[in-house]
Amino acid sequence: MLERIKDYFLTTDGALPRLVFCLLIFAVFYIVSRLVRFKIMPWLMEVTSKREKKGFYILAKGFSKPAPVAVWSLGIFFACVLLPLPLDIATVFASFMSKVLRVTMICLLAWGLIGSSDLGPVLFHDMRGKLDLEMDNTAANFLNKLLKGTILVFAVLMLLQELGFPVGSLITSLGVVGLTLSLAAKDYANNFFGGAVVIFEKPFSIGDWIACADGEGEVEDITFRSTRIRQMNDSVLVIPNSTLVGNALTNYSKINRRLTKFTLGITYNVSRQQLESLLTDIRAMLAQREDVFEDTVKVQLTGFGASSIDILLQYYVKVSALADYLKIQEEINLDLMDLVAKNGCSFAFPSTSVYIEKK
C-alpha cells in the first residue's frame, strides 16, 4: 500500500501542491485553535463573568479547553481527507477519519459538558423561587455529581454506538441483568435514596458538626452511597446514608445558643455576708456580658454538700461554634476565680475531717 501511495504521489500532476495545501489547512486551523485557547475563550469568559446570570460563563469556562482541541481536530480531519491518495484508499481513509472525528467530537462534547456541570445547580437555583425549592452547597454538589454521571453514561453509549456495538441490545440485556441484580443492589439503592433524603431534607450539610451512634465529626462529603465525616482524631469515618437516615443523630451546627450548667463549690469557712456578696457579684458579672442571654442567668445556692456549699450556675451563651463557646467559657471561669478571691471565699475540694477524742 505504501508503494502504491508513493507511486501515485510521484506520477500524479498536482500532488505536491495538494500536499502543501493540506499542510496549510492544518496550520491555519492550528493557529485558529491557539487564538481560541488564549484569546477568544478568555475574552468570552471575562465578558460573561460580568453578567448577573452565570450560565453563559459556566458554559464558556467548561468549553474553554475542549473548544481549541475541536478546532485543530477539524484541521487534522480536513487535511487528511484532502491528501493526494489513490481513489480507493482515499475513500477508505476518509471513512476512517470521519469515524475518528465523530468519536473525538463526542469525547470533547462530554468533556465540555462535564466541565459545565455547575450549570445544573445554577439553573436549579434560579428556579427554586418558582418551584418553592431550596438549594444549598450540599444539594448543589449532589446535583453536580448526578449530572456528571448522566453525561458520562450517555457519552459512553454514544461511543459504543459509533464504534458499531449494538447499543439497543446491550441496553435490553442490561435491563435483564439489572432486574436479576436488583435484590443484590438493595443496600446500594437504600443508601442512594438515603443520600437523596439527606440532600433535600437537609438534616445536615457539608461543614456541619454531627454526632451519631457510629461517631462524631465534621461532614466532609456526601455521595450517592455514603457520608464522610472527619473525626476529632483526624480519621475519616464513612457511614452509609441509610444508616444515618434510619437512626438518630445530633447536628451541633444547628445550635443557636449553648447551655452552660455546673455547680460551684465553696468551702464552709465563709459567712453568710460573704456568700450573699459572691452571689450578687456573679449575677452582675453574667448579666453585663453581651455574649450571655441575661434572662437565662440562674445563680442560686442549692445545697450543702459533703465538702462544700453548692452554688448552681446556669446560663445560655449567644454562640453556636464550639471554639467560640470555649473561649467565652474560659473568660467567665477566670472572672469567677477573681470574684471568689475578692469576696474572701475559697473553692472547695473533697476532703475528710478526722476528730480524735481525748479521754
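Our structure is the block above this text.
What comes next is a walk through the structure. On a predicted model such as this, the values are computed, not experimentally measured, just so you know.

About the thresholds
- Residues numbered from 1 in each chain as written.
- Predicted model: local features only at pLDDT ≥ 70, side-chain atom pairs only at ≥ 80, totals over all residues.
- Heavy atoms only, no water.
- Helix = DSSP H or I, 4+ residues; strand = E, 2+ residues; numbered from the N terminus.
- Buried < 20%, exposed > 50% of the residue type's maximum accessible area, 1.4 Å probe, protein only.
- Areas by Shrake-Rupley, 256 points an atom, 1.4 Å probe, with all protein chains shown as cover.
- Pairing = 2+ DSSP bridges.
- Axes fitted to C-alpha atoms, helices over the stretch in contact; angles between N-to-C directions.
- Contact = heavy atoms within 4.5 Å.
- Core = buried A, V, L, I, M, F, W, Y, C linked by side-chain atoms within 4.5 Å.
- Patch = residues over 30% accessible without salt bridge, like charges linked within 9 Å, V, L, I, M, F, W, Y side chains within 5 Å.
- Salt bridge = Lys/Arg side-chain N within 4 Å of Asp/Glu carboxyl O.

This brings us to the overall build of the protein chain. What the protein chain contains, in helices and strands, is twelve helices and eight strands. By residue count, 32% of the 359 residues in the protein chain fall in the buried class. For the protein chain, the exposed area adds up to about 22800 Å²; of that, 63% sits on carbon and sulfur atoms.

So, about the sheet that holds strand β8 (residues 309–317). Strands belonging to one sheet form pairs held by backbone hydrogen bonds; the direction of such a pair is parallel or antiparallel. Across the sheet, three strands lie side by side as β6-β8-β7; this open sheet has antiparallel pairing. Each of the sheet's edge strands pairs with one partner strand only, and the pair in question is β6 (258–266) and β7 (298–304). Each strand of the sheet is rotated relative to its neighbour by a mean of 20 degrees, with strand direction disregarded. Along the sheet face, helix α11 (residues 272–287) touches β6, β7 and β8 and points at about 150 degrees away from the line of β7.

Soluble, globular proteins show a tendency: their nonpolar side chains are buried together. Core analysis: the biggest nonpolar cluster contains 25 residues, and Ile266, Leu278, Ile282, Leu286, Val299, Ile311 and Ile332 have the highest contact counts within it. Taken together, the elements giving at least two residues each to this core come down to β6, α11, β8 and α12 (322–342). The residues contacting Val299, other than those within four sequence positions of it, are Leu279, Ile282, Arg283, Leu286, Ile311, Leu312 and Leu313.

A word on a nonpolar patch on the surface. Where nonpolar side chains cluster on the molecular surface, the patch consists of Phe26, Tyr30, Ile31, Leu35, Ile40 and Ile76 and spans about 510 Å² of accessible area. Per-element accounting of the nonpolar patch gives the leading share, five residues, to helix α2 (residues 15–49). As for its position among the elements, Phe26 is in helix α2.

To continue, consider the sheet that holds strand β1 (residues 209–212). With antiparallel pairing, five strands are arranged side by side in an open sheet as β4-β3-β2-β1-β5. The open sheet terminates on both sides in strands that have one partner only, identified here as β4 (236–240) and β5 (249–251). Across the sheet, the axes of successive neighbouring strands diverge by a mean angle of 40 degrees, strand direction being ignored. In this sheet, strand β2 (residues 215–222) lies alongside β1 in antiparallel orientation, the contact comprising four bridges. Bridged to Cys212 within β2 is Gly215.

Moving on, we get to the pairing of β8. The two faces of a sheet get side chains in turn, since along a regular strand they alternate between them. Burial runs high along β8: eight of the nine residues are buried. Pairing geometry for β6 and β8, over nine bridges, is antiparallel. Paired with Thr263 across the two strands is Leu312, which belongs to β8. Pairing between β7 and β8: six bridges, direction antiparallel. By the bridge assignment for β8, Gln300 is matched with Leu312. Two successive antiparallel strands, β7 and β8, enclose a turn made up of four residues.

Another aspect to go through is the environment of Asp214. As for its position among the elements, Asp214 is in the loop between β1 and β2. The exposure class of Asp214 is partly exposed, given its relative accessible area of 46%. What Asp214 contacts, discounting residues up to four positions off in sequence, is Leu237, Ile239 and Thr243.

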